[in-house]
Amino acid sequence: MDAKPKQQEPAPVVDAGSGEEGERVVTTEEELEGFRIVRAIVCAEVPAARIAARDTQTYFGVLLDDNNRKPIARLWFNRSKKYLGVFDENKVETRLPITAVEDIYQHADHLRNTVARYLTAARPPAATAEPVSPAQSTSAW
């Protein structure tokens, strides 16, 4: 009996957008694995439910709160050389070459810091209470 290895079919599109672009987007198992790695890393900062995936023709995006203004990472796996796109405090992307999906773990601190920046930017500044002297107190005690 000749056992041929089963060929993997592409996974379904996570979120390809609409129109013609969505018809040409194919989400691969490798992209989904990369997404799961990024999500596992940043779960130290936020619940997994807040991490969203958005696939496009050119890259696979990982977003906070499904908000394209809060990119966590981009997986550039649609070419012969793979890259992990990470973002700085000005949301400028830097593409880091990787040889295997597991290489994403080497950039865990950067990914967690990106999410932490979004969280601190979303918090309003803490109100500072002015000290009240006992003479100013209107307490009925």
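What this report covers is the structure whose coordinates are included nearby. Numbering of residues begins from 1 in every chain and follows the order in which that chain's sequence is written. Thresholds applied to this predicted model are a pLDDT of at least 70 for local features of residues and 80 or more for the giving and counting of side-chain atom pairs; totals over whole chains, interfaces and linings are not thresholded and use all residues. The basis for every side-chain value is the complete set of non-hydrogen atoms in the structure, without hydrogens or water.

Let's shift gears to the sheet that holds strand β1 (residues 51-55). In space, the five strands of this open sheet follow the order β1-β2-β3-β4-β5, with antiparallel pairing throughout. Of all the strands in the sheet, the pair left with one neighbour each is β1 and β5 (93-98). Averaged over all pairs of adjacent strands, the angle between strand axes in this sheet comes to 20°, irrespective of strand direction. With four bridges joining them, strand β3 (residues 71-76) and strand β4 (residues 82-87) adopt antiparallel strand pairing. When the sheet's bridge partners are listed, R74 is paired in β4 with G85. Of the strands in this sheet, β2 (60-64), β3 and β4 are in contact with helix α3 (residues 108-122), which crosses β3 at around 145°. A pair of strands is treated as paired once DSSP finds two or more bridges between them. Each helix is a run of DSSP H or I of at least 4 residues and each strand a run of E of at least 2, with the numbering of both proceeding from the N terminus. The axes are straight lines fitted to the C-alpha atoms, using for helices just the contacting stretch, and the angles between their N-to-C directions are given from 0 to 180°. The contact criterion used throughout is that any non-hydrogen atoms of two residues lie within 4.5 Å.

A few words on the nonpolar core. Only buried Ala, Val, Leu, Ile, Met, Phe, Trp, Tyr and Cys residues count toward a nonpolar core, and they belong to the same one when joined by side-chain atoms within 4.5 Å. To sort residues, take the accessible area from a 1.4 Å probe on protein chains only and compare it with the maximum for the residue type: under 20% means buried, over 50% means exposed, and anything in between is partly exposed. In this structure, I51, I72, I104 and L111 are the most contacted members of the largest nonpolar core, which totals 26 residues. For this core, the element with the highest residue contribution is helix α2 (residues 29-42), accounting for six residues. In contact with L111, other than residues within four places in its own chain, are V38, I41, V42, I72, A73, V86 and I104.

Here we take up the pattern of salt bridges. Salt bridges, as used here, are contacts in which a Lys or Arg side-chain nitrogen is within 4 Å of a carboxyl oxygen on Asp or Glu. Applying the stated criterion to the full structure yields seven salt bridges. The partner of D109 in a salt bridge is R112, and the shortest N-O contact between them spans 2.9 Å. Separated by three residues within a single helix, D109 and R112 lie in helix α3, roughly one turn from each other. By relative accessible area, R112 is classed as partly exposed at 23%. Salt bridges sharing common partners tie together R50, D65 and K70.

Moving on: α3. End to end, α3 covers 22 Å across 15 residues, agreeing with the expected 21 Å (1.5 Å per residue, within 8%). Three or more residues of α3 are buried, namely A108, L111, T114, V115, Y118 and L119. Down the axis, α3 shows its buried residues gathered within 135° of arc, on one side only. The outward face of α3, more than 90 degrees from its buried face, is lined by the exposed residues D109 and A121. Buried-residue contacts for α3 involve α2, β2, β3 and β4. Every helix has an expected span of 1.5 Å times one less than the residues it contains. Taking the helix axis as origin, the arc is that swept by the directions to the C-beta atoms.

Turning our eyes to something else, we now look at the environment of Q57. By the secondary structure assignment, Q57 is in the loop between β1 and β2. With a relative accessible area of 37%, Q57 lands in the partly exposed category.

Any two rings among Phe, Tyr and Trp, with Trp reduced to its six-membered ring, count as a pair given centres within 6.5 Å; such a pair is stacked if its planes are under 30 degrees apart, edge-to-face if over 60, and tilted if neither. This structure, assessed with the given rule, holds two aromatic pairs. Considering the side-chain rings of F35 and F60, the 6.1 Å spacing of their centres and the 55° angle between planes classify their relative orientation as tilted. Taken together, the residues F35 in helix α2 and F60 in strand β2 connect sequence positions 25 residues apart. Ring geometry for Y59 and W76: centres 5.0 Å apart, planes at 45°, overall tilted. Here the residue Y59 occupies a position in the loop between β1 and β2, and W76 occupies one in strand β3, the gap between them amounting to 17 residues. One exposure class covers both Y59 and W76, and it is buried. Our definition puts a charge over a ring when NZ of Lys or CZ of Arg is within 6 Å of the ring centre and also within 35 degrees of the ring normal. In this structure, R74 is placed above the aromatic ring of Y59, and the distance from its NZ or CZ to the ring centre is 4.3 Å.

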